[in-house]
Amino acid sequence: MRRLILTLIFQFVLTIVYSQNNRARDLGIPLDGKTGKLNAITDVKGLEVGHTTLISGEGELIVGEGPVRTGVTTIFPRGKQYDPVFAGWYSLNGNGEMTGTTWVEESGFLEGPIAITNTHSVGIVRDAVIEWEFKNNHFDPLPDEPDVFWALPVVAETYDGDLNDINGFHVKKEHVFAALENAKSGPVAEGNVGGGTGMICHQFKGGIGTSSREIMINNTTYTLGVLVQANYGTRESLTIAGVPVGKEISDRQILLDPLKHREERGSIIVIVATDAPLLPHQLKRLARRVPIGISRVGGYGGNGSGDIFIAFSTANSGAANRENAQQVSMIPNDQMSALFLATAQATEESILNALVAAETMVGKNNTTVYELPEDEVVELLKKYGRIK
C-alpha cells in the first residue's frame, strides 16, 4: 500500500510537470488542421485517460530491483460507464501485441477500456483490467445467464527494456487499478508518463503524445483525437515539417552500441477516437490511415517494429444492446476523406508532441536517452525556410 501511495503522489507531481511542458506548436512547427480546445484525444466528449508512472532506482541493472522506468496508460471511450463502442483495428507491422483484437474484428465492438504498457507486462495488465471490470460491474451479463462474466480486454505494448528492468515485472495490478481509477477528461500528460515512461522515439526520448482535429461534414462539426505511445524509428529518418532533422542532429546519441540502432526497431501504438458516427468497417479504414501520419515523421514500419492501431467511435450509444434491434447512424463513405486527413494530421502531431514533451532519461546501466533539442529544431526549421 505504501508503494502505491508513493506512486500516486509521484504521478500527481509528474502530471503537473508534464502538463506544463512545451508541445510541437509551441516551437512554431507548422502543422495543418484545426485542433480541438485541448488538442488532445480528450477533446472527444466523455473520453478519459489515466496514467500510472513508475520511476525508481539508478545505476547497474539488478533484475527484480531496477532501475525501473515503466508504467501503464488507460483510455476509457465513454468514461467509466459500460457502453461498448464500434471499433476497428489495423497492423502495419505485427512485431508487437494488442490483445482482444480478434473479438473486435469479429464483433465490431470495443467493450471496455484500452490499456498500454511495456511488452512483458501485457499479461498482468490484461488480467488486472478483467478484475477491475468484474469488481466494478463494467459489463453486461447474458440475458439468460446473469451470473456469466467474460472479457477480452484490449491491452497493447511497446518495449522499454533499453531503459527499464523489463524482466523485473514491476507493473502490478494495483498500478493498473490506479491508472483506471484516475482516468479523467481534460488535459493529458505527455512524454515520460504512463506506458510511455521508458520509451524511445527516433533515438530521442519518446513516450505518450496526443492531438485532435475538428472536422466539418454536412454542416456538423465532429472531433477526432489521437493518442500514441511512440517507441519506434531511426535517427536518420526523423523528419519534422519536411526537414531532415535526424540527419542534421548527429550528436546526443543513445549511450549504447550504435550498431544495434541502425535499423528501425521498437513499436508504436496508436489510438484513434472520434464522435463521428462510423461503423466498424469505416473505423478500420481510419486505422489504416494512421501510417500516413507516422511516415510524415519518418517511420516506415521496420521488421522489428510493432505498429498496431485501433479506432473507435463514441456515437451510436446503446448499439451493443443484447436483446433489442438497434437503429444506428453512419457517415457515408463518400464523406470520409476529411476524417482520413484528420487521422494522418493528428497522428503526426501526436508523435511530435511526445518527442517535444519527453525529457532526457537515464535508465538501467546508466543508459542515457536524450530529449529532442528544441532550440536546434527551431534553428533547423528556420534554415530550411519552414518558419521565419
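Just above sits the structure.
For the structure given in this document, a descriptive report is provided here.

Reading the values: rules and limits
- Residues numbered from 1 in each chain as written.
- Predicted model: local features only at pLDDT ≥ 70, side-chain atom pairs only at ≥ 80, totals over all residues.
- Heavy atoms only, no water.
- Phe/Tyr/Trp six-rings, centres within 6.5 Å; stacked < 30°, edge-to-face > 60°.
- Helix = DSSP H or I, 4+ residues; strand = E, 2+ residues; numbered from the N terminus.
- Buried < 20%, exposed > 50% of the residue type's maximum accessible area, 1.4 Å probe, protein only.
- Lys NZ or Arg CZ within 6 Å of the ring centre and 35° of its normal.
- Pairing = 2+ DSSP bridges.
- Right-handed = clockwise from strand over helix to strand, strands pointing away.

## Quick word on the packing of aromatic side chains
What the rule picks out here adds up to seven aromatic pairs. Measuring from ring centre to ring centre gives 6.4 Å for tyrosine 90 and phenylalanine 309, while their planes differ by 40 degrees; the resulting arrangement is tilted. One end of the pair, tyrosine 90, is in strand β3 (residues 85-94); the other, phenylalanine 309, is in strand β12 (residues 304-313), with 219 residues separating them in the sequence. Given a relative accessible area of 24%, tyrosine 90 falls into the partly exposed group. Ring pairs connect the aromatic residues Phe134, Phe139 and Phe149, which therefore count as one cluster. The ring of phenylalanine 76 has lysine 80 lying over it, and the distance from NZ or CZ to the ring centre is 5.2 Å.

## A short note on the pairing of strand β5 (residues 114-118)
Across the five residues that make up β5, a large majority, five, are buried. Pairing of strand β2 (residues 68-80) with β5, which is carried by three bridges, proceeds in the antiparallel orientation. Paired with threonine 73 across the two strands is isoleucine 116, which belongs to β5. One ladder, built from five bridges, connects β5 with strand β6 (residues 154-158); its direction is parallel. Counterpart to isoleucine 114 in the pairing with β6 is valine 154. In this view, the connection linking β5 to its parallel neighbour β6 by way of helix α3 (residues 122-135) has right-handed handedness.

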